[in-house]
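# Descriptive analysis of the structure
Below are the chains, spelled out letter by letter.
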Amino acid sequence: MAIRFSSSYEEHKESLEKVSWFPQVGEIYPGAISFWTEEGFEKYKTSGLYDLHARILGDKKIDIRELEIKDDEPFILYKDSLQIIIQK
């Protein structure tokens, strides 16, 4: 799910502060899809970013799905301890 922030400047600023720990490499792979690793998802929840996204979405739910991706899959474009980026 992609989340577009149409919130106040303060909420936007808060989201940027909460994501400063996250390597921003997705823009290198246009059209790709990124997933959290188990470690990344835990960090997403404990950093407060999950709660911020939930607050911004309001009544809408954050769609969470589990997917198993093997390390040697040829469609993996990027992987670190927090995320896996695959070609679409």
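About the thresholds
- Residues numbered from 1 in each chain as written.
- Predicted model: local features only at pLDDT ≥ 70, side-chain atom pairs only at ≥ 80, totals over all residues.
- Heavy atoms only, no water.
- Phe/Tyr/Trp six-rings, centres within 6.5 Å; stacked < 30°, edge-to-face > 60°.
- Helix = DSSP H or I, 4+ residues; strand = E, 2+ residues; numbered from the N terminus.
- Buried < 20%, exposed > 50% of the residue type's maximum accessible area, 1.4 Å probe, protein only.
- Salt bridge = Lys/Arg side-chain N within 4 Å of Asp/Glu carboxyl O.
- pLDDT = per-residue confidence, 0-100.
- Contact = heavy atoms within 4.5 Å.
- Pairing = 2+ DSSP bridges.
- Axes fitted to C-alpha atoms, helices over the stretch in contact; angles between N-to-C directions.

### Concerning the packing of aromatic side chains
- For the coordinates displayed, the defined rule picks out four aromatic pairs.
- Plain terms: the ring middles of Phe 41 and Tyr 44 are 6.1 Å apart, the flat faces sit at 35° to each other, and that makes the pair tilted. A residue pair is termed a helical-turn pair when its members lie 3 or 4 positions apart in one helix, as Phe 41 and Tyr 44 do in helix 2 (residues 38–46) at three residues.
- Accessibility expressed as a relative area gives 21% for Phe 41, which makes it partly exposed.
- With a relative accessible area of 6%, Tyr 44 lands in the buried category.

### Some words on the pattern of salt bridges
- Summed over all chains, the structure comprises two salt bridges.
- Note that Glu 42 is salt-bridged to Lys 45, the shortest N-O span being 3.0 Å. On the criterion of helical spacing, the pair formed by Glu 42 and Lys 45 is a turn pair, its members being three residues apart in helix 2.
- A salt bridge links Lys 79 to Asp 71; the shortest N-O distance between them is 2.2 Å.
- Taking the relative accessible area as the measure of exposure, Lys 79 reaches 40% and is therefore partly exposed.

### A few points about the confidence of the model for the protein chain
- Of all residues in the protein chain, 78% have pLDDT values of 70 or greater, and the mean over the chain is 78.
- For the protein chain, the element scoring lowest by mean pLDDT is helix 1 (residues 9–18), at 59; strand 2 (residues 76–79) scores highest, at 92.
- Contacts from residues 1–7, a stretch scored under 50 in pLDDT, to residues over four places away or in other chains number twelve contacts.

### Some words on the sheet that holds strand 2
- In spatial order, the strands read 1-3-2; together these three strands make up an open sheet with antiparallel pairing. Strands at the two margins of the open sheet, each flanked by one partner only, are strand 1 (33–36) and strand 2. On average, each strand axis in the sheet is inclined to that of its neighbour by 20°, with strand direction left out of account.
- As judged from the three bridges shared by strand 2 and strand 3 (residues 83–86), these two strands associate in the antiparallel manner. Across the sheet, the residue bridging to Lys 79 is Ile 84, located in strand 3.

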